[in-house]
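For reference, the chains in residue letters:
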Amino acid sequence: MSTEVTAKSPAPAPPGKSGGAAGGNLLQLILDGMRRNMRQYGMLIALGLIVALFAVWTDGDLLLPRNVSNLVLQNSYILILAIGMMLVIIAGHIDLSVGSLTAFVGAFAAVLTVQNDVSWPVAVVLCLLVGAVAGAVQGFFIAYLGIPSFIVTLAGMLTFRGVTEILLEGQTLGPFPEGLQKIGNGFLPETGPETNYHNLTLLLGIVLIVFVVLQEVRDRKRQQEFSLDVLPTNIFLLKLVAIVSALLTVTLLLASYKGAPIVLIILGLLVVGYGYVMRNSIFGRHIYAIGGNLPAAKLSGVKDKKVTFYVFLNMGVLAALAGLVVAARLNAASPKAGLNYELEAIASAFIGGASMSGGVGTVLGAIIGGLVLGVLNNGMNLLSVGTDWQQVIKGLALLAAVGFDVWNKRKSGS
């Protein structure tokens, strides 16, 4: 049972010790707040440390504007997949088909635009619809026929990979129309007077900073209204300073090069949209409910089959979007595209705080997990680390993240 400490008049302190006692209480309060929220902010702190270490080891090359822009472009499709995978895992399932579905959608887009001269906006819509149908079919088998998601999506992984090779006849197909290429490689246009920075990127960065700060303050007030635990004021202010500093740094770095990539805007909209759904909507709460305790959710009236169906339909749409981004970035569709993307997305979700048993995780956590892997990949490439050791290091990072999560749960429970 939690207890509240009411304000009382302080007893007279011995001379010379009152300041020390106050300082000690403040320090203890900060440490207690960090312990209570370590699970929530542990990977964010780890991401900051990883960025700092690689920035030192690469003599600052990691944080060059060009490299930061490439980091976004290279990892955008994994981050898109990680958002959908986080929802799947929160619901207590897994999806092994997203990498193959990504390749299939890219191949379908190539067949439409390159071989049949379909306009690229129409091709984009058709590809998203194909992803939705693929996700819906798998969701139907899982939700309504009761076949385990592991089996259904494993079958999907093999099927989509085979159909991809059939469509492309084992060959690479491209190039794509210029408009479609910009989804994976384009940047926001230049606007306004000539400056040393990309003006539109600066404006969007400032808007984002204001939005995030207001959202944090609003969430804190809402938690206080419901008598929920909140961060101590000092830690909350420190958190705001850290968030503003990080966003401002990234904004300035991107504005120093070509500006914000178009795919980053798409990704930002997805994060805001899905974050709102998972925090504030009934559908989001139902996803957490069926993943956390399915029998209790059923007794509460949650339509678990319908929720599961839509979770996989959503995963199919996001996999299709990721497939378009990959194909646009490579400017070609390949039978080997999307290899191991499902593992990268699953790893991002677990590193970002998802629980294997379901019911736990956040959209922002999936993004943080994906960025951890992305920075590791980019930093090790800059240091010319071999792919063999890269796999070892990423495997150990995943094991450490999940191990920390398990340890923190046990400590909190005790």
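Going by what an unreviewed UniProt entry lists, the protein chain is known as Xylose transport system permease protein XylH and is assigned to Streptomyces aurantiogriseus. Entered under Function (unreviewed entry) in the UniProt record, the comment concerning the protein chain runs "Part of the binding-protein-dependent transport system for D-xylose. Probably responsible for the translocation of the substrate across the membrane." According to its UniProt record, the protein chain has this under Subcellular location (unreviewed entry): "Cell membrane".

Trainee: Any chance you could explain the environment of F140 here in plain terms?
Mentor: In this fold, F140 is placed in helix α5 (residues 120-143). A relative accessible area of 38% places F140 in the partly exposed class. Along the primary structure F140 and K306 are separated by 166 residues, whereas in three dimensions their C-alpha atoms are 9.1 Å apart.

Trainee: Just checking my understanding: could you explain the packing of aromatic side chains for this structure?
Mentor: Aromatic ring pairs are described here by two measures, namely the spacing of the ring centres and the angle between the planes. Tallying each qualifying case throughout the model produces nine aromatic pairs. Here the aromatic rings of F54 and W57 are separated by 5.4 Å at their centres, their planes lie at 80°, and the arrangement is edge-to-face. Taken together, the positions of F54 and W57, both in helix α2 (residues 38-57) and three residues apart, correspond to about one turn of that helix. Ring geometry for Y77 versus Y341: centroids 5.3 Å apart, planes at 20°, classification stacked.

Trainee: So what exactly am I meant to see when it comes to the environment of K239 here?
Mentor: Residue placement: K239 occurs in helix α9 (residues 233-255). Given a relative accessible area of 17%, K239 falls into the buried group. In this structure, the C-alpha to C-alpha distance between K239 and V213, residues 26 residues apart in sequence, is 10.0 Å. Among the polar contacts made by the side chain of K239, one reaches the side chain of E216 at a distance of 2.8 Å.

Trainee: Looking at this structure, how should I read empty space enclosed by the protein?
Mentor: A probe matching the size of a water molecule, rolled over the atoms, marks out where space remains unfilled. Tallying each qualifying case throughout the model produces one cavity of 30 Å³ or more. Approximately 50 Å³ is the volume attributed to the largest cavity. Lining the largest cavity, in full, are T102, A103, G106, G323, V326, A327, L330, A332, A333, S334, A337 and G338. Of all the elements in the fold, those that place two or more residues in the lining of the largest cavity are α4 (98-115) and α13 (304-330).

Trainee: I keep staring at the UniProt feature "transmembrane region" (unreviewed entry) in the protein chain and nothing clicks. Help me out?
Mentor: Under the present numbering, the feature "transmembrane region" (unreviewed entry) in UniProt falls on residues 41-57, 77-110, 122-147, 197-214, 235-254, 260-277, 307-330 and 350-376. From the first C-alpha to the last, residues 122-147 spans 34 Å; its make-up is 85% helix and 0% strand.

Trainee: I keep staring at the pattern of salt bridges and nothing clicks. Help me out?
Mentor: A side chain with one charge can pair with a side chain of the opposite charge if their charged atoms come near. Within the structure shown, the criterion is met by two salt bridges. E216 serves as the salt-bridge partner of K239, at 2.8 Å between the closest nitrogen and oxygen. Highlighted residues: K239 in helix α9 and E216 in helix α8 (residues 199-225), separated in sequence by 23 residues. Ionic pairing is found between K394 and E344, a salt bridge with its closest N-O pair at 3.3 Å. Here K394, found in helix α16 (residues 387-413), pairs with E344, found in helix α14 (residues 341-351); they are 50 residues apart in sequence, far enough to count as distant. The class of K394 is buried, set by a relative accessible area of 12%. According to the relative accessible area criterion, E344 is partly exposed, its value standing at 21%.

Trainee: What's the story with the packing of helix α11 (residues 282-292) against α13 in this structure? I'm lost.
Mentor: Think of two packed helices as two axes; the pair is described by the angle between the axes and how far apart they sit. The geometry of α11 relative to α13 is characterised by a closest axis approach of 10 Å and an angle of 105° between their N-to-C directions. Comparing the axis directions of α11 and α13 gives the class roughly perpendicular. Within the contact between the two elements, α11 uses F283, H286, I287 and I290 and α13 uses D304, V307, T308, Y310 and V311. For the contact of α11 with α13, the class distribution of residues is six nonpolar, two polar and one charged.

Trainee: Would you mind showing me how to read unusual backbone geometry here?
Mentor: With omega at -5°, the peptide bond leading from G174 into P175 counts as cis. Within the element layout of this structure, P175 appears in the loop between α6 (149-168) and α7 (178-185). Backbone geometry places D59, a non-glycine residue, at a positive phi of 55°. Among the structural elements, D59 can be located in the loop between α2 and α3 (65-90).

Trainee: How should I be thinking about the nonpolar core in this particular structure?
Mentor: Generally speaking, nonpolar side chains in soluble globular proteins are found buried as a group. In this structure, I80, L81, I83 and I287 are the most contacted members of the largest nonpolar core, which totals 70 residues. If sequence neighbours within four positions are ignored, I83 has contacts with L267, L270, V271, Y274, L318, V363, A366 and I367. Counting 15 residues, the second-largest nonpolar core is a separate cluster that includes M43, L71, L373 and M380.

Trainee: Help me understand α7 in this model?
Mentor: Owing to its 3.6 residues per turn, the α-helix aligns residues three or four sequence positions apart on the same side. Buried residues of α7: L180, I183 and G184, and no others. Projected down its long axis, α7 shows its buried positions confined to an angular sector of 85°, all on one face. Elements that come into contact with the buried residues of α7 comprise α3, α5, α10 (262-280) and α13.

Thresholds, definitions, all that
Residues numbered from 1 in each chain as written. Predicted model: local features only at pLDDT ≥ 70, side-chain atom pairs only at ≥ 80, totals over all residues. Heavy atoms only, no water. UniProt positions renumbered as here; feature names shortened; annotations may be inferred. Helix = DSSP H or I, 4+ residues; strand = E, 2+ residues; numbered from the N terminus. Buried < 20%, exposed > 50% of the residue type's maximum accessible area, 1.4 Å probe, protein only. Phe/Tyr/Trp six-rings, centres within 6.5 Å; stacked < 30°, edge-to-face > 60°. Polar contact = N/O pair within 3.5 Å; in protein donor to acceptor, adjacent residues only side chain to side chain. 1 Å grid on protein atoms, 1.4 Å probe; cavity = no way out; pocket = protein on both sides within 12 Å on 5 of 7 lines; lining within 4 Å. Points joined across faces, edges and corners; volume = space filled by probe spheres on them. Salt bridge = Lys/Arg side-chain N within 4 Å of Asp/Glu carboxyl O. Axes fitted to C-alpha atoms, helices over the stretch in contact; angles between N-to-C directions. Parallel < 35°, antiparallel > 145°, perpendicular 65-115°, else oblique. Contact = heavy atoms within 4.5 Å. Nonpolar A, V, L, I, M, F, W, Y, C, P; charged D, E, K, R; others polar. Core = buried A, V, L, I, M, F, W, Y, C linked by side-chain atoms within 4.5 Å. Arc of directions from axis to C-beta.

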